[in-house]
Amino acid sequence: MLREVISNDWFTVFLILGLAFITLCKFLFTPRFKDFVKVIGNSKYLKIYARDQKFIDGFDALLFLNLIISVSIFSYVVYAALVHPSEFDLSQFFKLIFGIGVLFLIKVLLERLIGSIFEIDSLIDSYLFQKTTYKNYTGFLLLPINCLLIYTVAPTKPIIYVCIALIILINLLGFISSFKNHQKLLLNNFFYFILYLCALEIGPYLILYKLIKDFNA
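Treat the numbers as computed from the prediction; the structure is a model and nothing was measured.

What follows deals with the overall build of the protein chain. From N to C terminus, the protein chain includes 9 helices and 0 strands. Tracing the protein chain from N to C terminus, the helices and strands come up as α-α-α-α-α-α-α-α-α. Taking all 217 residues of the protein chain together, 42% fall into the buried category. Sequence-distant contacts in the protein chain: of pairs separated by 6 or more residues, those separated by 24 or more amount to 81%. Here the protein chain displays about 12500 Å² of accessible surface, and carbon together with sulfur accounts for 71% of that area.

Below, the structure written as structure tokens:
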């Protein structure tokens, strides 16, 4: 059976772009970046920088740009490996980047809006900072993973499932960290917490799955 080979040229361009964002982030925010890369298993970063967070933060913005690029590349590679091998299509890839970026941004804005409506801005800001940190860390790890899947290791099902499990684990650690920090408040409002999970945590990722599944249609 013949299998189409995906061109790596554009992947190389976007991987370099993601690396450039991370390098710029490290250059401009060196002390913070050193703490950020050790965030797994070390709460120092969350405790120090949660107090100084801003609505628009240069450090998080640069890592967010790498995140949407890295997630888009990983999604494209997974789709091509497991669903439909095909040549790289730049216009489709831009649509994927745009869809993922808009989805993430709308999700954050909705959460901030909920915080303002219920007058729990400080709680939402703290929660979003922790969640954003772990998502950006996911993007940080996806950069070398994408390089391996594209240039070195064949993206077989077991390898892809291990990568997905790693992504879920990192974000689960972030969720558990947030839950522990606000455990009493969440348990006292358990119904609203479950409603929030369904509407703003599970729902958007179902939309993302549908977007990735249909983007090649």
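Further remarks concern the nonpolar core. The biggest cluster of nonpolar side chains holds 43 residues, and the ones touching the most others in it are Tyr 45, Ile 73 and Phe 74. No other element matches the 12 residues that helix α4 (residues 58-82) contributes to this core. Setting aside anything within four residues of it in sequence, one finds Phe 74 in contact with Leu 142, Ile 145, Asn 146, Leu 149, Ile 160, Cys 163, Ile 164 and Ile 167.

Moving on, we get to the packing of aromatic side chains. The tally for this structure, following the rule as stated, stands at 18 aromatic pairs. Centre to centre, the rings of Phe 33 and Phe 36 are 6.3 Å apart; their planes meet at 40°, and the pair counts as tilted. Here Phe 33 and its partner Phe 36 are both found in helix α2 (residues 30-36), 3 residues apart, which amounts to about one turn of the helix. On the accessibility criterion, Phe 36 (0% relative accessible area) is buried. Taking the centre distance of 5.8 Å and the plane angle of 15° together, the rings of Tyr 45 and Phe 129 count as stacked. Within this pair, whereas Tyr 45 is found in helix α3 (residues 44-49), its partner Phe 129 is found in helix α6 (residues 121-152), the two being separated by 84 residues in sequence. A residue is classified by how much of its surface remains accessible, and Tyr 45, at 0% relative accessible area, is buried. What makes Phe 129 buried here is its relative accessible area of 3%.

On to the confidence of the model for the protein chain, then. Per-residue confidence for the protein chain averages 80 on the pLDDT scale, and 76% of its residues sit at or above 70. Across the protein chain, the secondary-structure element scoring lowest on mean pLDDT is helix α9 (residues 190-214), at 63, and the one scoring highest is helix α1 (residues 9-28), at 93.

Below, the discussion takes up the pattern of salt bridges. Going through the model one piece at a time under the given rule, you end up with 2 salt bridges. With a shortest N-O distance of 3.2 Å, Asp 57 and Arg 32 are connected by a salt bridge. Taken as a pair, Asp 57 in the loop between α3 and α4 and Arg 32 in helix α2 lie far apart in primary sequence, 25 residues in all. Side by side, Asp 57 and Arg 32 carry an identical accessibility label, which is buried. Via salt bridges that share partners, Arg 32, Asp 57 and Asp 60 belong to a single interconnected network.

Here the focus is the environment of Leu 82. Position of Leu 82 among the secondary structure elements: in helix α4. For Leu 82, a relative accessible area of 29% translates into the label partly exposed. Distance from Leu 82 to Lys 157, taken between C-alpha atoms, is 7.1 Å for residues 75 residues apart in sequence.

Calculation criteria
Residues numbered from 1 in each chain as written. Predicted model: local features only at pLDDT ≥ 70, side-chain atom pairs only at ≥ 80, totals over all residues. Heavy atoms only, no water. Helix = DSSP H or I, 4+ residues; strand = E, 2+ residues; numbered from the N terminus. Buried < 20%, exposed > 50% of the residue type's maximum accessible area, 1.4 Å probe, protein only. Contact = heavy atoms within 4.5 Å. Areas by Shrake-Rupley, 256 points an atom, 1.4 Å probe, with all protein chains shown as cover. Core = buried A, V, L, I, M, F, W, Y, C linked by side-chain atoms within 4.5 Å. Phe/Tyr/Trp six-rings, centres within 6.5 Å; stacked < 30°, edge-to-face > 60°. pLDDT = per-residue confidence, 0-100. Salt bridge = Lys/Arg side-chain N within 4 Å of Asp/Glu carboxyl O.

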